Structures are given as structure tokens and as C-alpha cells.
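One-letter residues, chain by chain:
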Amino acid sequence: MSQENSRLEYRIGYSRDIHRLGLNRKLMLAGVHIPYPFGEIAHSDGDVIYHALAESILGALALGDLGTHFPDNDPDTENMDSALIVRYVVKLMKEAHYKVNNVDIFVSLESPKLKDYMGQMKYNISFELDIPYDRVSIKAGTNEGVGPVGEKLAVEATSTIMLKSID
Ligand SMILES: [Zn+2]
């Protein structure tokens, strides 16, 4: 193999997702069902962290947005477990000969507090991405009472991810 082909390559990806919150919907964050009277209103299970995460991988690979791969009018994806979306994108990543180096998530939510669920959320992401636990960062914050997140009408997440080529 030539030196050109074997050179390690890094690709960065970013995405954000937002969903409205509705009464009697499940609040799903990184595969964890968080007890709360309100949850994401969405075609799938609405897991904003998994959606931002999956789309950031697509971004790193320049493979378009999540809506192109999972149209929100597709009956097959109704109430879909968003872990399946992450697995689909991870498969595309492996086919492109990349793996995840590390990921940094930010979730914006006025309430409830997420600290009791952080360990499980990070574990789920490290499992889905097949990377060590200490390569997953999740930060959470409120929106200080302003905007749709601050008014408890929505939950938002961003994901920044670094991929590394494999041979
Ligand atoms: Zn979404």
C-alpha cells in the first residue's frame, strides 16, 4: 500500500436537533427513559441526543442529513427506537472505513436534572459507538428560562464528533 493510502485521516462532524415536548410522551435521551410528565413529540421516539449524534456522523462523512435517510412520513419509522438510527449510521461509518475517536454532546433542557442519568446515557453511547466510556462527553444545561427550551416547550441537543480512518 502506498503511503498516501495508509495515512491516518480525521473527519469532524456536527449536528443539532430539537423536539417539542408534549404531555404523556416518553422523555428519551441517549436511550434512557427519564421519568418526567413530558416527552419529545416526534415521528420516531424523538431521542434528540441520538438524532444529533447520528446526524453528526453523517456530517463527518458528508452523507447528508438524517431526514434524507429517515423520512418522517415513513410508516416504518413511526415510534422507532432511535438506537436503530444510530446503528444504521454506525454501519455506514464502518463501511466507509472510519471509527469514532470521541464525541462531545450538549443537551439543553430546563428540567428535570439529568445528573442521575448521565452515567447510563454515556454508557449507552459508548456501547453504540463501540468506544471507551471516557471518550464520550455529555454536558447538560438549562436555557436560563428564555426561548422554547427555557419555557419548557422543547429539548435540544448538539453533537460534535471526531472520526478516525481505519485500514
Ligand atoms: Zn429528532
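Shown above is the structure to which this text applies.
Fair warning: this is a prediction, and the values are worked out from it, not measured in the lab.

*Asks:* I keep staring at the coordination of the zinc ion and nothing clicks. Help me out?
*Replies:* Perfect tetrahedral coordination of a metal by four donors corresponds to 109.5 degrees between them, and perfect octahedral coordination by six donors corresponds to 90 or 180 degrees. Ligation of the zinc ion by protein atoms is provided by D17 (OD), H19 (NE2) and H51 (ND1), these donors lying 2.0 to 2.1 Å from the ion. Read N to C, the donor residues that coordinate the zinc ion are spaced as D-x1-H-x31-H. Residue classification places D17 among the buried residues on the basis of a relative accessible area of 17%. On the basis of relative accessible area, H19 is assigned to the buried category, the value being 14%.

*Asks:* Would you explain the side chain of S126 in this entry?
*Replies:* Within the secondary structure layout, S126 lies in helix α5 (residues 118-129). Not counting chain neighbours up to four residues away, the residues in contact with S126 comprise I131, P132, Y133 and V136.

*Asks:* Whenever I open this one, the packing of helix α2 (residues 48-60) against helix α4 (residues 83-95) confuses me. Can you help?
*Replies:* Axes are the key here: two packed helices are described by the angle between their axes and the distance separating the axes. Put simply, α2 and α4 touch, their axes get as near as 9 Å, and they point 15 degrees apart. Here α4 runs roughly parallel to α2, going by the angle between their axes. The chirality of how α2 crosses α4 is left-handed. For the pair α2 and α4, contact is made by Y50, H51, L53, A54, I57 and L58 and by A83, I85, V86, V89, V90, L92 and M93, respectively. For the contact of α2 with α4, the residue count by class is twelve nonpolar, one polar and no charged.

*Asks:* Just checking my understanding: could you explain unusual backbone geometry for this structure?
*Replies:* Most peptide bonds adopt trans geometry, and most residues besides glycine take a negative phi value. Cis peptide bonds are those with omega within 30 degrees of zero, and the linkage from S111 to P112 qualifies with 0 degrees. Backbone geometry at E144 places phi at a positive 55 degrees, although glycine is not the residue there. Structurally, the position occupied by E144 is in the loop between β6 (136-141) and α6 (147-150). Judged by its relative accessible area of 70%, E144 falls in the exposed class.

*Asks:* Just to check I follow, could you spell out the side chain of E55 for this structure?
*Replies:* Secondary-structure assignment places E55 in helix α2. The side chain of E55 is buried and forms no salt bridge, while R16, the nearest opposite charge, is found at 8.1 Å. There is a polar contact of 2.8 Å between the side chain of E55 and the backbone nitrogen of L66. Leaving out residues up to four positions away in the same chain, E55 has contacts with S15, R16, D65 and L66.

*Asks:* Looking at this structure, I do not really get the packing of aromatic side chains. What am I missing?
*Replies:* Aromatic ring pairs: the centre-centre distance and the angle between the two ring planes describe each pair. Within the structure shown, the criterion is met by three aromatic pairs. Consider the rings of Y36 and F38, whose centres lie 6.0 Å apart with planes at 55 degrees: the pair is tilted. Relative accessible area serves as the criterion here: at 34%, F38 is assigned to the partly exposed category. Ring centres 6.4 Å apart and planes at 20 degrees place the aromatic pair Y123 and F127 in the stacked group. With Y123 and F127 both in helix α5, this residue pair falls four residues apart, about one helical turn. With a relative accessible area of 45%, Y123 lands in the partly exposed category.

*Asks:* Quick question: what am I supposed to make of α4 here?
*Replies:* Each turn of an α-helix holds 3.6 residues, which means side chains three or four residues apart point in the same direction. An ideal rise of 1.5 Å per residue puts 18 Å on 13 residues; α4 measures up with 18 Å between its terminal C-alpha atoms. Buried residues of α4: A83, I85, V86, V89, V90, L92 and M93, and no others. Considering only its buried residues, α4 is in contact with α2, α3 (66-69), β5 (98-108), α5 and β7 (154-165).

Each value, and the rule that gives it
- Residues numbered from 1 in each chain as written.
- Predicted model: local features only at pLDDT ≥ 70, side-chain atom pairs only at ≥ 80, totals over all residues.
- Heavy atoms only, no water.
- Donors = N, O, S within 2.8 Å, 3.2 Å for Na, K, Ca; no water.
- Buried < 20%, exposed > 50% of the residue type's maximum accessible area, 1.4 Å probe, protein only.
- Helix = DSSP H or I, 4+ residues; strand = E, 2+ residues; numbered from the N terminus.
- Contact = heavy atoms within 4.5 Å.
- Axes fitted to C-alpha atoms, helices over the stretch in contact; angles between N-to-C directions.
- Parallel < 35°, antiparallel > 145°, perpendicular 65-115°, else oblique.
- Left-handed = near helix turned anticlockwise from the far one by under 90°.
- Nonpolar A, V, L, I, M, F, W, Y, C, P; charged D, E, K, R; others polar.
- Lys, Arg positive; Asp, Glu negative; His and termini not counted.
- Salt bridge = Lys/Arg side-chain N within 4 Å of Asp/Glu carboxyl O.
- Polar contact = N/O pair within 3.5 Å; in protein donor to acceptor, adjacent residues only side chain to side chain.
- Phe/Tyr/Trp six-rings, centres within 6.5 Å; stacked < 30°, edge-to-face > 60°.
- Expected span 1.5 Å × (residues − 1).

Function cannot be inferred from these measures alone, as they are strictly geometric.
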